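What follows is each chain in one-letter form.
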Amino acid sequence: MAHFRSDPACAVTPEAAARPCGAAVSGHAAGGSGWYRAACRRCSSAVLPNERIRNIGISAHIDSGKTTLTERVLFYTGRIAQMHEVRGKDGVGAVMDSMELERQRGITIQSAATYTMWKDTNINIIDTPGHVDFTIEVERSLRVLDGAILVLCAVGGVQCQTITVNRQMKRYNVPFLTFINKLDRMGSSPSRAVQQMRSKLKHNAAFVQIPMGLEGNFKGVIDLIEERAIYFDGAFGQTVRYDEIPAEFRAEAAERRSELIECVANSDDRLGELFLEEKIPTVADIKLAIRRATLRKSFTPVLVGSALKNKGVQPLLDAVLEYLPNPSEVENYAILNQGDSEDKAKFLLNSARDSSQPFVGLAFKLEAGRFGQLTYIRVYQGMMKKSDYIYNTRTGKRVRVQRLVRMHSDNMEDVNEVYAGDICALFGIDCASGDTFTDKTSTDISMESIHVPDPVISVAMKPSNKNDFDKFSKGLSRFTREDPTFRVHFDEESKETIVSGMGELHLEIYSQRMEREYSCPCTMGKPKVAFRENISAPVHCKWDQYMKLCLSQEVPGNQLKITLLIQTGELLSPACTGTDADSAEAGG
């Protein structure tokens, strides 16, 4: 049984309405899917209720398949017409890796935002980097998102950056699903990954799906809740087919289903009562219990698949709608700044998608675009229109919203208004990352700030050509404004420009961007250290030896018995004894 599209607003033709989800966007039919993408944009820009909105991020360790997964999500939802490889071997590259350096290196450097429609629900997605060098991108993305997908590699399992991302999700109370990716790889073991989640991350995690086969024998997944097998047919896995569970997997499926119910029952009282009464819960009971436990962050559903082999992505999208919160289910607070008082009261923001409440938004990311500074804003309350005046609560300045856009990687779509729960971008706004914007009636409030880690490495950087200092200064100014973890200072003693960041890769990327974007090749090296001599330990010496050394002559008169103690700290007077006062005076 194939999964068919059910969005009436997107059904432009009867033939298209009957086409399976994703079939209109095959890799060879780019032109034929234009109608669908346009229809999705019209649906997406409408004033949808909170129940039909999800704001999610995709986070993981390096090379776990985040960008590949995002590419498949956009393809199956009709947002893009073709799928491309991350490293850009075909000359195109993944949609979310818009920077040339990202396509060349095959890594994500900057977080990228997009949006798409799935089953009449608008999903705002932020694809984040995996390297610890770019951890600020993950930090500020999770600050404004309602939910997340934690991607694990089936071979590597829980790795060092997975632990960092998990810590960041805890800091901002972000509920998340886990997707174990790369089941087609040699050595893949989803069971080991789940055990590591329980032991290393201390999560109450359990499978919602299990794979049918591993490595080269990976055929599809088994839905443990509805007890059915899911296959992904077609050249690009676009047709979802449901069937009975194969006989060889029935025993394992029954065992894993019992384990799932037990884990959820431990964290949800309603399902726990059914479990203790030995009643068989229905599919609806299990799904509602999983949703309640996930929103309380007491349970982590685990889904499986292989994004590269086009398996398991559509059920993951269904799980995003079923288990992750909408904007009205997340409590967001603002701080009321009461003059010079240190007592700061918090109050709950209203997530209603209308203009009944004052506008409140948080600028969480800055980026230099083709038309000036691009400021990404998450709207938490009220409505913002094009041509409105908004206030920066940190500086007190009033700014006009000249252009209001929604982002699809580096592409923009102009919109006239945005509401609470939306993620948008503004042009021509002078601000810093973490600034709060409000309307005129509420300029004394601010949102909680974004955690910025301290830099861990510093190097000296200078332009290779002395005539490029203007370009060099301009580039550094822009980079420090965009990235709070990239810091610059001038060392007066060594006369060097010292740049600090989160790692060698972090600083190397900025050096390469300086050359590519400002035509200013740079040289990096170890900072010079200004050495100073200092007394390191106390030293005793006799005065007569000291005088011989310095004056090459003996002190006339009686023999002096003077001992000097040279050490750091306060100045000590020498102990001086002698019979001749004049000699002592001459010697002292």
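Look above for the structure.
Here is what the cut-offs are and how they apply
Residues numbered from 1 in each chain as written. Predicted model: local features only at pLDDT ≥ 70, side-chain atom pairs only at ≥ 80, totals over all residues. Heavy atoms only, no water. Core = buried A, V, L, I, M, F, W, Y, C linked by side-chain atoms within 4.5 Å. Buried < 20%, exposed > 50% of the residue type's maximum accessible area, 1.4 Å probe, protein only. Contact = heavy atoms within 4.5 Å. Salt bridge = Lys/Arg side-chain N within 4 Å of Asp/Glu carboxyl O. Helix = DSSP H or I, 4+ residues; strand = E, 2+ residues; numbered from the N terminus. Pairing = 2+ DSSP bridges. Axes fitted to C-alpha atoms, helices over the stretch in contact; angles between N-to-C directions.

**Brief notes about the nonpolar core**
Ranked by size, the top nonpolar core spans 101 residues in total, and within it Leu69, Ile180 and Leu260 carry the most contacts. Residues within four places of Leu260 in sequence aside, it is in contact with Ala206, Phe207, Val208, Leu224, Ile225, Ile290 and Phe299. One finds Met384, Ile390, Leu404 and Cys431 within the second-largest nonpolar core, a separate group that totals 17 residues.

**A short note on the pattern of salt bridges**
By the definition in use, this model includes 29 salt bridges. The shortest N-O distance in the salt bridge between Arg140 and Glu137 comes to 2.9 Å. Of this pair, Arg140 and Glu137 both sit in helix 5 (residues 135-144), separated by 3 residues, roughly a single helical turn. The pair formed by Arg140 and Glu137 is uniform in burial state, with each residue classed as buried. One continuous salt-bridge network, built from bridges that share partners, spans Glu137, Arg140, Lys365 and Glu367.

**With respect to the side chain of His131**
Of note, His131 is situated in the loop between strand 3 (121-127) and helix 5. Since its relative accessible area comes to 14%, His131 is described here as buried. Setting aside anything within four residues of it in sequence, one finds His131 in contact with Ile62, Ile107, Gln161 and Leu505.

**Topic: the pairing of strand 11 (residues 300-304)**
Along strand 11, 5 of the 5 residues are buried, which leaves the element largely enclosed by surrounding structure. Covered by surrounding structure in strand 11 are Thr300, Val302 and Val304 together with Pro301 and Leu303, the residues of both alternating faces. Note that strand 6 (residues 205-207) and strand 11 share 3 bridges and pair parallel. Looking across to strand 11, one finds that Ala206 is bridged to Pro301.

**So, the sheet that holds strand 26 (residues 487-491)**
What the 4 strands build is an open sheet, ordered 26-27-25-28; its pairing is antiparallel. The open sheet has two free edges, formed respectively by strand 26 and strand 28 (522-525), since each of these has just one partner strand. Within this sheet the neighbouring strands show an average axis-to-axis angle of 35 degrees, counted without direction. Judged from the 4 bridges that link them, strand 25 (residues 457-463) and strand 28 form a sheet pairing that is antiparallel. Note that in strand 28 the partner of Pro463 across the bridge is Cys522.

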